[in-house]
Amino acid sequence: MGTTILYIGFLSCFISAVMYFFASRGNTKIIGPARLMFHVSVIMTISSAAYLLYLIITHQFQYTYVWNYSSKDLPINLLASTFYAGQEGSFHLWAFMMAILGIFLMGYLKSRDSDKSLSHSTESDKGPYEPLVMFTFALIQSFLLFIMIIKSPYMYVWESFPKDVTIGFVPEDGRGLNPLLQNFWMTIHPPILFAGFSSLAIPFCFAIAALVKNSYNRWLKLVLPWTLFSGMVLGVGIMLGGFWAYGVLGWGGYWGWDPVENSSFVPWIVIVAAIHSMIAEEKTGKFKKTSLLLAITAFILVLYSTFLTRSGVLGDASVHSFVDPGQEVYLFLIVFLSLFGAGGIGLILFRWKSLGSAKTEPADILSRESAVFVGAITLCATALVIFVGTSWPIFSKATVDPAFYNKMNLPLAILIAAINGTSILLAWKHTEEKRFFKSLYVPLILTGIVTTTLVILGIHDVLIAIFAAAALFALFINANIAIKIFSKNNLKAGPYVAHLGIMILFLGIIGSSKYSEEVNLSLPLNETKSALDYDLTYKGATPFGENQDKYHFNVVVEKDGKGFLLQPVMFYSEYSQGIMKNPDIANLGVKDVYLSPMSLESPKSFSDNDVVAFKKGEEKEVKGLKVKFVDFDRSKFSQESMSEGKDNTIGAEFEITYDGKTEKVIAEQLMTNGNTENVPVTLKATDKYTFMLTHIAIAGESTADLAIIDESAPSVQNPETLVLTASIKPFINLVWGGTIIMALGFFFSLYGRAKRFKQSQAKESRSIAKNGNENGNGNGNGNGHNHHKNGHKKVHEEAHKQ
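Small disclaimer: the values here were computed from a predicted structure and weren't measured.

Here is what the cut-offs are and how they apply
- Residues numbered from 1 in each chain as written.
- Predicted model: local features only at pLDDT ≥ 70, side-chain atom pairs only at ≥ 80, totals over all residues.
- Heavy atoms only, no water.
- Helix = DSSP H or I, 4+ residues; strand = E, 2+ residues; numbered from the N terminus.
- Expected span 1.5 Å × (residues − 1).
- Buried < 20%, exposed > 50% of the residue type's maximum accessible area, 1.4 Å probe, protein only.
- Contact = heavy atoms within 4.5 Å.
- Pairing = 2+ DSSP bridges.
- Axes fitted to C-alpha atoms, helices over the stretch in contact; angles between N-to-C directions.
- Parallel < 35°, antiparallel > 145°, perpendicular 65-115°, else oblique.
- Left-handed = near helix turned anticlockwise from the far one by under 90°.
- Nonpolar A, V, L, I, M, F, W, Y, C, P; charged D, E, K, R; others polar.
- Salt bridge = Lys/Arg side-chain N within 4 Å of Asp/Glu carboxyl O.

A.B. asks: I'm lost on helix 1 (residues 2-24) in this one. Help?
C.D. replies: Given 3.6 residues per helical turn, the α-helix brings residues three or four places apart onto the same face. Between the first and last C-alpha of helix 1 there are 33 Å, a value that for 23 residues agrees with the 33 Å anticipated at 1.5 Å per step. Turning to helix 1, its buried residues are Gly2, Ile5, Leu6, Gly9, Phe10, Ser12, Cys13, Ser16, Ala17, Tyr20 and Ala23. The secondary structure elements touched by the buried residues of helix 1 are helix 2 (31-57), helix 5 (87-113) and helix 6 (130-150). Once helix 1 ends, the next one or two residues include glycine 26, with phi positive near 120 degrees.

Structural data, given as structure tokens:
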């Protein structure tokens with residue numbers, strides 16, 4: 001049933017694309033059937049999504065995808081999120097988001113194409129945009145649906161494993177969801193991210209339509225709202241991923257420059273550059289080439305991101321990448337990327353000469369469009385740096401060190417902040433020098449005062465101080481203008497609010513990453529230790545979870561007589577055959593206290609003084625004994641068992657001389673369920689001594705640590721000890737707060753444009769009605785008709801200005 005739905009969805013979408021193509025060639029009669037076929041495709045895509053979700057929720061484990069990613073013990077929200085936990089499901093999520101956006105896009109185009117105020121500028125622009133835009137959009141959706149056919153989520157387990165499973169076999173339970181994905185944000189982050197990816201197809205489609213029509217007067221008004229939407233949604237999706245990583249993975253950061261993380265970040269940077277280029281084009285008529293190129297490049301980078309993430313080329317370079325999808329999908333991804341990439345860039349090259357702006361005066365250096373263009377170029381330079389570093393694993397097995405990104409992007413970030421602040425003080429086309437330099441006084445003075453204070457308080461890195469100064473400079477300017485505009489109850493403050501959010505984010509990055517403090521601690525049970533100006537006391541572990549198989553490790557954190565409880569988590573995962581660790585965080589407003597567990601050392605029947613390190617072949621006298629480390633014992637060790645996560649044993653052979661008699665002793669370590677157990681062993685001649693192998697290092701110098709316990713001595717038992725990393729993250733809330741403010745700025749910009757568009761339509765309707773009444777009172781000799789025609793033209797001109 002699921003496969004049939006996919007075939008119908010693909011065929012109807014492809015037929016819709018073909019019909020829209022012929023409609024764009026002048027056969028407008030088939031626009032209706034083209035819309036109908038696209039609606040059929042949308043219904044089939046949504047139906048397939050609903051059917052797959054039904055299979056997951058009802059535990060239909062005979063389907064490989066359901067068995068591979070879900071299980072009966074998952075709560076309903078995480079069970080539903082397994083829909084997009086694997087390759088097949090994430091492609092389905094992408095197609096689903098495209099289908100939803102496609103319905104809105106079709107309605108948007110239908111209404112705008114019928115709106116005369118948007119189609120008066122030139123004869124060639126009077127043709128509808130819907131056929132060309134929807135042709136490209138439907139073609140992209142057809143490719144996604146075809147990938148779902150060749151990489152189907154509806155394969156049975158006996159089709160996936162014909163040698164191991166008989167036809168009709170239904171597993172008792174599924175493998176389950178990766179523990180790292182068993183988090184609230186799993187239900188929110190991927191859908192938002194894929195909504196952002198899908199929305200970037202829309203500016204691409206508009207750019208292709210404008211290039212094919214070779215007319216560029218309308219496309220900007222049509223595409224700008226969608227471009228703003230893409231920037232908002234994708235930006236929020238990326239930062240939600242950072243918030244998820246910060247709260248779950250335990251390494252203490254929110255952005256690790258992972259290649260897959262970068263591959264979603266680069267298209268966002270490019271689409272933000274496109275937004276600024278489009279606004280400059282809207283105001284001045286320049287930068288058509290730049291706007292079109294960036295709109296096309298942003299979506300090509302999404303396709304490139306898809307290739308990197310899903311082709312398997314980053315399998316060893318990223319924790320987020322999928323495994324090799326198979327040769328068919330691999331080749332099809334290359335075709336997908338090549339077709340739209342070459343098509344988009346080829347069209348721009350084909351139209352390059354005709355893309356020159358109308359004859360205008362060269363841009364003044366002291367003009368906002370010049371500053372915006374330089375800012376867009378700087379953003380593109382940032383994207384290029386990250387693109388090169390992200391693509392490096394394709395050409396080399398090595399990955400680029402995160403320090404490369406930090407070092408290369410810091411000067412660019414300084415430029416972005418400085419240009420942002422400066423550009424806002426400039427007017428479009430020309431700015432009086434005296435007025436401009438006068439407007440710099442207050443923000444520069446405030447920036448100097450605050451930056452000097454920060455340097456006194458602890459910023460000693462010159463580049464970081466300059467970065468903070470540039471961010472503060474832009475922050476003061478944007479905040480001032482946003483407040484003035486909001487005081488007039490005007491929604492035009494959107495861009496300034498978004499810029500304000502970015503600058504707050506920059507300051508948060510400086511504080512939380514550059515000036516974070518971190519220390520590793522061993523906390524014996526009920527023993528207080530001091531670190532980072534806090535007193536930490538481990539109070540033991542408490543089980544939780546449905547099967548009581550997870551543990552909160554309770555740590556009391558105190559300072560100045562006030563305290564709070566943090567509960568980092570560790571548990572053994574059958575899924576990953578290892579110990580999973582989650583941090584716990586105390587948000588104190590100006591900083592976070594972050595505890596990330598590393599390991600739990602169980603109570604030992606010996607002290608650290610009982611442990612003696614031996615090199616291979618080395619002999620030592622310890623506690624009246626002669627002890628010689630002979631060699632490692634691998635007789636019970638199996639590399640195959642280790643790779644399969646089964647129990648394994650490794651040992652070390654010692655010669656021990658007691659009372660003149662030498663015995664061979666093999667001390668062993670048992671590795672089971674991710675834990676290591678030291679197996680005690682004694683001499684045949686006496687039980688006075690017990691020996692335990694505590695650590696081995698086979699590589700390098702080949703060493704073994706042996707605990708030699710004298711049972712006749714007073715017993716010493718080390719308490720249970722929690723080993724963790726404690727860190728302070730100053731001003732981390734600026735990162736999250738800046739992201740929220742940035743998203744609000746995007747939203748205000750979108751809402752403001754929609755409101756102004758409605759006001760423009762209402763004004764036009766009133767003007768037309770007024771002119772109609774005047775014409776009705778005419779003398780019938782044609783003057784009334786001419787008056788109506790001229791009045792209508794003026795209304796169109798006024799609407800175009802707005």
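A.B. asks: Help me understand unusual backbone geometry in this model?
C.D. replies: Note: most peptide bonds trans; most residues except glycine with negative phi. At asparagine 214, a position not held by glycine, the phi torsion is positive, near 55 degrees. For asparagine 214, the position within the fold is in the loop between helix 9 (201-213) and helix 10 (219-248). Positive phi, normally seen in glycine, also occurs at aspartate 560, with a value near 55 degrees. Examined against the element boundaries, aspartate 560 turns out to sit in the loop between strand 4 (550-559) and strand 5 (562-566).

A.B. asks: Is there a simple way to think about the sheet that holds strand 19 (residues 721-730) in this case?
C.D. replies: Two strands in a sheet stick together by hydrogen bonds in their backbones, pointing the same way (parallel) or opposite ways (antiparallel). One open sheet accounts for 4 strands, arranged 1-19-9-8; its pairing is antiparallel. Strands at the two margins of the open sheet, each flanked by one partner only, are strand 1 (517-524) and strand 8 (584-587). Shown here is a sheet whose adjacent strand axes are inclined to one another by a mean of 20 degrees, direction ignored. Here strand 1 runs beside strand 19; their pairing, made up of 8 bridges, is antiparallel. Considered in strand 19, the bridge of leucine 521 is made with leucine 724.

A.B. asks: Would you take a moment to explain the environment of tryptophan 94 for this structure?
C.D. replies: Summarising the element assignment, tryptophan 94 is placed in helix 5. On the basis of relative accessible area, tryptophan 94 is assigned to the buried category, the value being 1%. A C-alpha to C-alpha distance of 9.6 Å links tryptophan 94 and leucine 145, two positions 51 residues apart in sequence. Leaving out residues up to four positions away in the same chain, tryptophan 94 has contacts with Leu144, Phe194, Phe197, Ser198, Val302, Leu303 and Thr306.

A.B. asks: Can you walk me through the pairing of strand 4 in this structure?
C.D. replies: A regular strand places its side chains on the two faces of the sheet in alternate fashion. Here 8 bridges tie strand 3 (residues 534-544) to strand 4, and the two strands are oriented antiparallel to one another. Paired with phenylalanine 544 across the bridge in strand 4 is lysine 550. Counting the residues in the hairpin turn of strand 3 and strand 4 gives 5 residues, including glycine 545, whose phi is positive at 100 degrees. Of the strand pairs in this sheet, strand 4 and strand 6 (residues 569-573) are connected by 3 bridges, and their pairing is antiparallel. Bridging across to strand 6, histidine 552 finds its partner in valine 569. Looking at chain direction, strand 4 and strand 5 are connected through 5 bridges and run antiparallel. Each bridged residue has a counterpart across the sheet, and for valine 556 the counterpart in strand 5 is leucine 565. What sits between strand 4 and strand 5 in their antiparallel hairpin is a turn of 2 residues, with aspartate 560 showing a positive phi close to 55 degrees.

A.B. asks: Honestly, the packing of helix 12 (residues 288-310) against helix 14 (residues 368-395) in this entry has me stumped. Any pointers?
C.D. replies: How two helices sit against one another is set out by the angle between their axes and by the gap between those axes. It is the contact of helix 12 with helix 14, at a shortest axis distance of 13 Å, that shows an interaxial angle of 20 degrees. The angle between helix 12 and helix 14 falls in the class roughly parallel. Here helix 12 runs over helix 14; the crossing is left-handed. Facing helix 12, whose interface residues are Thr290, Leu294, Leu301, Tyr304 and Leu308, helix 14 presents Phe373, Cys380, Phe387, Thr390, Ser391 and Ile394. Of the residues assigned to the contact of helix 12 with helix 14, the class counts are 8 nonpolar, 3 polar and no charged.

A.B. asks: Looking at this model, I keep getting lost on the pattern of salt bridges. Mind explaining?
C.D. replies: Proximity of charged atoms lets side chains of opposite charge pair with each other. Tallied over the entire structure, the rule returns 7 salt bridges. Linking arginine 35 and glutamate 130 is a salt bridge whose minimum nitrogen-to-oxygen distance equals 2.6 Å. One end of the pair, arginine 35, is in helix 2; the other, glutamate 130, is in helix 6, and 95 residues separate them in sequence.

A.B. asks: Got a minute to help me understand the pairing of strand 9 (residues 591-601) in this structure?
C.D. replies: Pairing of strand 8 with strand 9 involves 4 bridges; the strand directions are antiparallel. Pairing of asparagine 587 across the sheet is with aspartate 592, part of strand 9. Hairpin connection from strand 8 to strand 9: 3 residues lie between these consecutive antiparallel strands, with glycine 589 at a positive phi of about 85 degrees. Where strand 9 meets strand 19, 10 bridges bridge the pair, whose relative direction is antiparallel. Each bridged residue has a counterpart across the sheet, and for serine 596 the counterpart in strand 19 is threonine 725.

A.B. asks: I keep staring at the packing of helix 11 (residues 259-284) against helix 14 and nothing clicks. Help me out?
C.D. replies: Packing of helix 11 against helix 14 brings their axes to within 9 Å, and their N-to-C directions diverge by 165 degrees. Accordingly, the angle class assigned to the pair helix 11 and helix 14 is roughly antiparallel. The interaxial crossing formed by helix 11 with helix 14 has left-handed handedness. Residues of the contact of helix 11 with helix 14, tallied by class, amount to 15 nonpolar, 7 polar and 1 charged.

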